[in-house]
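Topology and contacts: notes
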Amino acid sequence: MAKLDRRRKGVYGPPMGKKMVVFVDDLNMPAKEKYGAQPPIELLRQWIDHGNWYDRKDTSEIKLTDVLFMSAMGPPGGGRNEITSRFTRHLNIVSIDEFSDDTLTKIFGTIIDWHFAKGFDGSLQRLGKMLVQATMVIYKEAMEKFLPTPSKSHYLFNLRDFARVVRGVLLIPSTHLQEGGKLIRLWIHEVYRVIYDRLVDAADRTKFFEIVKETTQSSFKQSVDSLCGHLSHSGNVRDEDIRNLLFGDYMLPDADPRVYDEVTDLKQLTTIMEYYLDEYNQMSKTRMSLVMFQFAIEHISRISRVLKQDSGHALLVGIGGSGRQSATKLATLMAGYDLFQIEITKNYTAVEWREDLKRMLRKAGTEGKPIVFLFSDNQIKNESFVEDINMILNTGDVPNIYASDEKAEIIEKMQAVAKQEGKKLEATPLMMYNFFIEKVKQNLHVVLAMSPIGDAFRNRLRMFPSLINCCTINWFQAWPEDALEMVANKFLEDVDMTAELRGHCVTMCKLFHESVRQQSEKYLEILNRHNYVTPTSYLELILTFKDLLKLKRDEIMSMKTRYVVGLEKLDFAASQVSVMQVELTDLQPELVKTSKETEKLMVQIEQDTVEVEAKKEVVAADEAVANKAAAAAKAIKDECEGELAEAIPALEAALSALDTLKPSDISTVKAMKNPPSGVKLVMESICVMKSIKAERKPDPGGSGKMIEDFWGPSQKLLSDFQFLNSLKAYDKDNILPAVMKIIRSKYTCNPDFDPNLIKNASTACEGLCRWVRAMDIYDRVAKVVGPKKEKLAAAEAELSIQMEKLNEKRAQLKEVADKLQALNDNFDMMVQKKKDLEANIELCSQKLERAEKLIGGLGGEKDRWSEAAMLLSERYHNITGDVLMSAAVVSYLGAFTVDFRQECISEWHACCQEHIPCSDIFSLNATLGEPVKIRAWQIAGLPVDSFSIDNGIIVSNARRWPLMIDPQGQANKWVKNMEKHRKLAVIKLSDPNYVRILENCIQFGQPVLLEGVGEDLDPILEPVLLKQTFKQGGVDYLRLGENVVEYSPEFRFYITTSLRNPHYVPEVSVKVTLLNFMITPLGLEDQLLGIVAAKEKPELEEKKNELILESAKNKKQLKEIEDKILEVLSSSKGNILEDETAIEVLSSSKTLSEEISAKQVVATATEKEIDATRNGYKPVAVHSSILFFCISELANIEPMYQYSLTWFIDLYLKSIGNSQPSDDLQERILILNDHFTNSMYRNVCRSLFEKDKLLFSFILCVGLMKGKGKIDDDAWRFLLTGGVALDNPHANPAPDWLSDKAWSEIVRASGLSNLAGLFKHVRENTGLWKQVYDSATPDKAIYPGEWSRLAGLDRMVVLRCLRPDKIVPAVQAFIVENLGQSYIEPPTFDLMGSYADSHCCAPLIFILSPGADPMASLLKTGQDMGYRGNMIQTISLGQGQGPIASQMIDAALKDGSWVVLQNCHLATSWMPKLEKICEEVYSKHYSIRYMTTMHSCFAV
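Attention here is on the structure that accompanies the text. Small disclaimer: the values here were computed from a predicted structure and weren't measured. (Residues numbered from 1 in each chain as written. Predicted model: local features only at pLDDT ≥ 70, side-chain atom pairs only at ≥ 80, totals over all residues. Heavy atoms only, no water.)

1. Let's talk about the overall build of the chain
Helices and strands together make up the secondary structure of the chain, namely 54 helices and 27 strands. Considering the chain as a whole, with its 1500 residues, one finds that 47% of them fall into the buried category. In the chain, the proportion of contacts linking residues at least 24 apart, taken out of those at least 6 apart, comes to 75%. Of the roughly 74,700 Å² of accessible surface on the chain, 53% is carried by carbon and sulfur atoms. (Helix = DSSP H or I, 4+ residues; strand = E, 2+ residues; numbered from the N terminus. Buried < 20%, exposed > 50% of the residue type's maximum accessible area, 1.4 Å probe, protein only. Contact = heavy atoms within 4.5 Å. Areas by Shrake-Rupley, 256 points an atom, 1.4 Å probe, with all protein chains shown as cover.)

Here it is as structure tokens:
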């Protein structure tokens, strides 16, 4: 409708003036419904009949005008159906024959000629024509030889396959194709890729190789050996050698354009692939740990070839874990394309699917980006997804996927694209949309990853032909041996072991993989249970082996080292005892000698001390006098220095000023002819200071007098080079008083003699002026200080005399004091020596005491530790083989039952012992088990048998999360108790908020139990199951649906299913560790024994349970104490005997250990006594366990006959309570066994079809007799099967009445131990045996001769051979004889009894035969019990009745009435809701009852 215009109200058609053709392909594909009609075809017929459709919103008529209908279909057969003639009568039918050979040659010959005309050699053009003929031969042979079967439903060939071969040949350009041999190899490669890659088994592949070989010889006149001889070491090419023939465009990653060419160097190819893998891992958050072995490279190369072609789509078929998605991701990166995958969430619907498709198509169409859409079959939440993909493959479009506004946006963008690319297209919406589809086809590559397991794959191929027609099919086979070997070698290359041992380990890994594959086939054949072996299982084996080997090696070496160090410390302590005793003996005399010497020294020191004290007093008096004189001298000195402090700064300033003067400054002053008065004044003062006389000259003023002139002498003075130095060295302390008198009277008092004023006349004179003034100040001070200095000199002389005397006496004192100090030092040394000797004696005594403690406390451990260290050395040697076996058990054997598991282990152990060091007896428990942890598991509810313990070990050591097959709820109970203290969260897939709970638990590291899963898991769980974490900021994160949550390493995930025999396809099983947790006879016996003991002897069972807990606690403490002792010994540095804390810890630990051991001995003895009493009831537990496994076998007869362990134990408890008591144990055992057998028989018979009740009695009887050892297994098996039919060499002695079949069975029966010689007796006494044969009651007849003594099964075996029609009465007689008459007379239906056995969470289910109606009986029983009127609510279920039924149940929960749900088989979708209602009220007690009715076919 989106492509039609609205002409007027209710009338639609194409644009005016145009006609539209509606083309429907595969018209006869719709499946027929129950009554034989095909609804889509009926709708088309209605349209053609009446010319209109109806609007589904308001049912108004819609007429289509100018629309023509055209369709196509294949001949009926396979998935195609006959079309009703009511439809075909409207159509003109045209049959199209298959193209003739000439037509095909013309079509593809023209294409080949066109291609080889583009620069190729002429010889290649001729070969091109031969190539078309050769392809036609292969095409026809494939259609003839490889016919579709249910297991090979994809063996369908059409002209597109022919075209794919030709298109593949066209990929190589003329520059890289120069010779004919290469062209033929290219052709071989292409036919292999198109046809060979889809073949399933080795026989078909070999057959195809022969076809190609013959065709190459006949069409090209060349042999495969000559063309491809370089691919084989021998030159004789086989099918396996063609694996080395590869063409691709990936050998030069940086080339542009990339050329499709032959790969000639496989080593270089491996290097290139590893380069691409590294590039992928650098770009992707989720790394791929791939090994580039040839098998993987081949598949990557095949996908790359498909992606290189326009509209190249691939269908990858293989079991989960075979590498389909990894190969696609890497091939996408190699091609430089974008990868598109949908993310499945819990609420992912068709709406989200369509949005994802639109986003992808727009990216490929409007943006022009090459995209690979990777889609796997486990993402198919709705079959409409496949229908849409079918359309994309066929047309590049999905009808009506875009709303009108979205389509307008696409058209607008495509106009811009067309303009950009220079396309001259008509800008109509139709043309632009077609251009968009063209772009999508060009850029979009769909890669489908599907599993061939089950019917879904076959049905989808049948319903959606484009999956085959439009895709190149690639069948992922099991990994070949070279792939297994290369992967193992790659992952084990960094493991510390010899090359020879590594080679043996790789061989064993391959053996494990192959033997489990064979065992899985046997498992399916015998028990009808599925188990798949995938490459992922193999990788898990190797990685588990690596992890566990490192862990166990470190653990064993650490334990051994601690034992060895502990033994060394004990040996050291023992060796030190005699040494320390000798040391003690040697130290005592030395201590006595040292004490005497110390006493002598004390007397000497006392005498010398008196002398020293006298000397000290004399020196002290002299010191007082000297100190007084020193104080006086110091006072005078301080006073002098204080007064000098005034003159010194001025003097220093003057000297500094002199320092600043340069010779040039002096020369300037000297050169003055008529100096200023200030200069003259300063120079006069200098001359005075230096006592230079003035010249007498006439007064220039003309007075006629003679005046004194200092300028002349000044100039002479200034001419002296040492002038400044003479000033600096001036004797300031001895200036003549006359000089100073002149200076003071004439100069310093002159106001003009101011440095600041002089500075204006001359800077040099300023400094000289300051010097003169400083000399004045200094002289003045010096005159005052001088006398004081003299006084100071006298005082210092006196002090010197006093100090000489004092020093002399001090020297005498020092001599005496030094002597005393020497005595004191010697005394201290002797005292210290004495202390050291005493300390050594004390330490030696303590060490002796500690050694005795250590040897006394731990000496008893020496032998045990020595043995433990030796055993650990042996274990370390054997650990490689043991861990390799354990890794194989963990990775492969979880899903198997105990017998199959044991068979595998025995076979592997025998092979392992030949080449790899391992223990003589292999046990998973001994290798990986931890006794303390296992005991804790058993207390938490894990059954005590070795099979269940192995399951627990697998759960704790597997790399993948466990999915436990748990029909009896044992695993559920164990996990809930084990993880209770860690706040276990219990969820179901039906819970609306289970994803939110899971997110919280992942984030906070809480364990999660997902219970009650079916055969499919929600795709949203995939990241959790695969542990697809990524690091961000150093923290691990995990994407769960649309949310990213922090991933705690403490998180644990457990999954359980209550299905008895689930079929998990490889896509599920590779993501989890499948574990068979079905209960074993030994495990059930222990549970039942505990129950009967608790009922019969409650005080004993209570005591037993207390002892179990106490024993577990004691063993845990003993282990912790031993670890602590060894830790202290190994961590103690140096001499352990000197570490008092360590000895105390060891002593207290050993004491505590002995106390606990003593308690444990008492507890063990008490436990044995209790067990002896408790085991008195073991016959009851064994008997009841046999009954449970008898009723478990009923599910093989009818899937409905499944009985839970909870129901069985409830019945067991009731039987114990209701049976007649007795004080005699043997009598009580008989009563319990008879009562429970009868009770269970009556309860089970109630749920059986009439035809199966006798069979149940027979199974019960044989099972109980087997338990007592009264059944010959061979006879029992013969009775059931009649033995294995082989050629009978003995002629039939009486063919007139004895059939050949009966005679053959008699001959085979003679092979049984109790029937040896039977056939000879029959042959020799045919008349007597004929009487038995002709008897009306042969089951009661007496057999001839010695065979009259036959009884039981042996008698029935003979009867089976002669008169199988009389087996039923014989079986009845057998049951009566061994069980009693009541077991062949099933009880009649008792509604009241059934009601008594039900409760609010266990509904009564009536399984009805056609015409049966229990309502009248039900209503009458209700009335008799007081349930009248509205107290019994009934509803017949069907569409829309579920919510009403829920309301009825809610009301009944409040008032305690009955609810009868009729016809439950009509409301299968509501049954999970009913189950949830039952679970929600499980813990409450109501008088409500549910009663449901359903047809027997629904129950099955």
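The structure having been displayed, the exposition proceeds.
2. A few points about a nonpolar patch on the surface
A cluster of nonpolar side chains, contributed by Val21, Phe23, Leu68 and Met70, occupies part of the molecular surface with about 400 Å² of accessible area. Of all the elements in the fold, those that place two or more residues in the nonpolar patch are β3 (20–24) and β6 (67–71). Positionally, valine 21 belongs in strand β3. Taking the relative accessible area as the measure of exposure, valine 21 reaches 49% and is therefore partly exposed. (Patch = residues over 30% accessible without salt bridge, like charges linked within 9 Å, V, L, I, M, F, W, Y side chains within 5 Å. Salt bridge = Lys/Arg side-chain N within 4 Å of Asp/Glu carboxyl O.)

3. Looking at the packing of aromatic side chains
Taken as a whole and assessed by the stated rule, the structure comprises 51 aromatic pairs. Plain terms: the ring middles of phenylalanine 1188 and phenylalanine 1189 are 5.5 Å apart, the flat faces sit at 85° to each other, and that makes the pair edge-to-face. Through a chain of ring-to-ring contacts, three or more aromatic side chains come together here, namely Phe340, Tyr348, Trp353, Phe373, Phe375 and Phe385. One Lys or Arg, lysine 118, reaches over the ring of tryptophan 114 and ends 4.1 Å from the middle of that ring. Directly above the aromatic system of tryptophan 961 lies the positively charged group of lysine 1027, at a separation of 4.1 Å from the ring centroid. (Phe/Tyr/Trp six-rings, centres within 6.5 Å; stacked < 30°, edge-to-face > 60°. Lys NZ or Arg CZ within 6 Å of the ring centre and 35° of its normal.)

4. Some thoughts on the packing of helix α9 (residues 266–283) against helix α11 (residues 324–335)
Viewed as axis vectors pointing N to C, α9 and α11 meet at an angle of 95°, and their least axial separation amounts to 10 Å. In terms of their interaxial angle, α9 and α11 are classed as roughly perpendicular. Every residue of α11 that contacts α9 at Met273, Tyr276, Leu277, Glu279, Tyr280 and Met283 is listed here: Lys329, Leu330, Leu333 and Met334. Of the residues belonging to the contact of α9 with α11, the class tally is eight nonpolar, no polar and two charged. (Axes fitted to C-alpha atoms, helices over the stretch in contact; angles between N-to-C directions. Parallel < 35°, antiparallel > 145°, perpendicular 65-115°, else oblique. Nonpolar A, V, L, I, M, F, W, Y, C, P; charged D, E, K, R; others polar.)

5. Remarks on the packing of helix α42 (residues 1225–1245) against helix α43 (residues 1250–1267)
Viewed as axis vectors pointing N to C, α42 and α43 meet at an angle of 150°, and their least axial separation amounts to 11 Å. Looking at the two axes, α42 sits roughly antiparallel to α43. Viewed along their axes, α42 and α43 form a crossing whose handedness is right-handed. Contacts between α42 and α43 pair Thr1237, Met1240, Tyr1241, Val1244 and Cys1245 from the former with Lys1253, Phe1256, Ser1257, Leu1260 and Leu1264 from the latter. The residue makeup of the contact of α42 with α43, split by class, is seven nonpolar, two polar and one charged. (Left-handed = near helix turned anticlockwise from the far one by under 90°.)

6. Considerations on the nonpolar core
In this structure, Phe1256, Phe1258 and Trp1329 are the most contacted members of the largest nonpolar core, which totals 76 residues. Here the element with the most residues in this core is α43; it accounts for eight residues. In this view, phenylalanine 1256 contacts Ile1191, Leu1194, Met1240, Tyr1241, Val1244, Cys1245 and Leu1248; residues no more than four positions away in its chain are not counted. One finds Ala887, Cys904, Ile934 and Val975 within the second-largest nonpolar core, a separate group that totals 73 residues. (Core = buried A, V, L, I, M, F, W, Y, C linked by side-chain atoms within 4.5 Å.)

7. Observations regarding helix α3 (residues 101–116)
An α-helix turns once per 3.6 residues; consequently, residues spaced three or four apart project the same way. For α3, with 16 residues, the first-to-last C-alpha span of 21 Å sits near the 22 Å given by 1.5 Å per residue. Looking only at α3, the buried set comprises Leu104, Phe108, Gly109, Ile112, His115 and Phe116. Elements in contact with the buried residues of α3: α4 (122–145), α5 (159–169) and α6 (180–194). (Expected span 1.5 Å × (residues − 1).)

8. Details of the sheet that holds strand β21 (residues 1043–1046)
Read across the sheet, three strands follow the order β19-β20-β21 without closing on themselves; strand pairing throughout is antiparallel. What marks the edges here is a single partner per strand, and that holds for β19 (1029–1032) and β21. Recorded for the sheet is a direction-independent mean angle of 40° between the axes of neighbouring strands. Pairing geometry for strand β20 (residues 1035–1040) and β21, over four bridges, is antiparallel. For leucine 1040, the partnering residue across the bridge sits in β21 and is asparagine 1043. In the packing of helix α34 (residues 994–1004) onto the sheet, the strands contacted are β20 and β21, and the crossing angle to β21 comes to about 35°. (Pairing = 2+ DSSP bridges.)

9. What to know about the pattern of salt bridges
The full count for this structure, using the stated rule, is 65 salt bridges. Between aspartate 66 and arginine 7 there is a salt bridge, and its shortest N-O distance comes to 3.0 Å. Placement of the pair is aspartate 66 in the loop between β5 (61–64) and β6 and arginine 7 in strand β1 (residues 5–8), with a sequence separation of 59 residues. Assessed through its relative accessible area of 25%, aspartate 66 is described here as partly exposed. A relative accessible area of 25% means that arginine 7 is categorised as partly exposed. One salt bridge in this structure joins aspartate 249 and lysine 308, with 3.4 Å as the shortest N-O distance.

10. Overview of the environment of alanine 971
Within the secondary structure, alanine 971 is located in helix α33 (residues 970–978). Between the alpha carbons of alanine 971 and serine 1058 there is a distance of 10.0 Å; along the sequence they are 87 residues apart. Among residues more than four places away in sequence, those in contact with alanine 971 are Met964, Asp966, Thr1056 and Phe1077.

11. Points about the environment of proline 676
Counting through the fold element by element, proline 676 comes out in the loop between α21 (663–670) and α22 (677–689). For proline 676, a relative accessible area of 33% translates into the label partly exposed. Expressed as a C-alpha distance, the spacing of proline 676 and alanine 761, which sit 85 residues apart in the sequence, is 6.6 Å.

12. Topic: a negative patch on the surface
Together, Glu1099, Glu1102, Glu1106 and Glu1110 give the surface a local cluster of negative charge. With respect to the helices, strands and loops of the structure, glutamate 1110 is situated in helix α38 (residues 1098–1131). On the accessibility criterion, glutamate 1110 (32% relative accessible area) is partly exposed. (Lys, Arg positive; Asp, Glu negative; His and termini not counted. Charge placed at Lys NZ, Arg CZ, Asp CG, Glu CD.)

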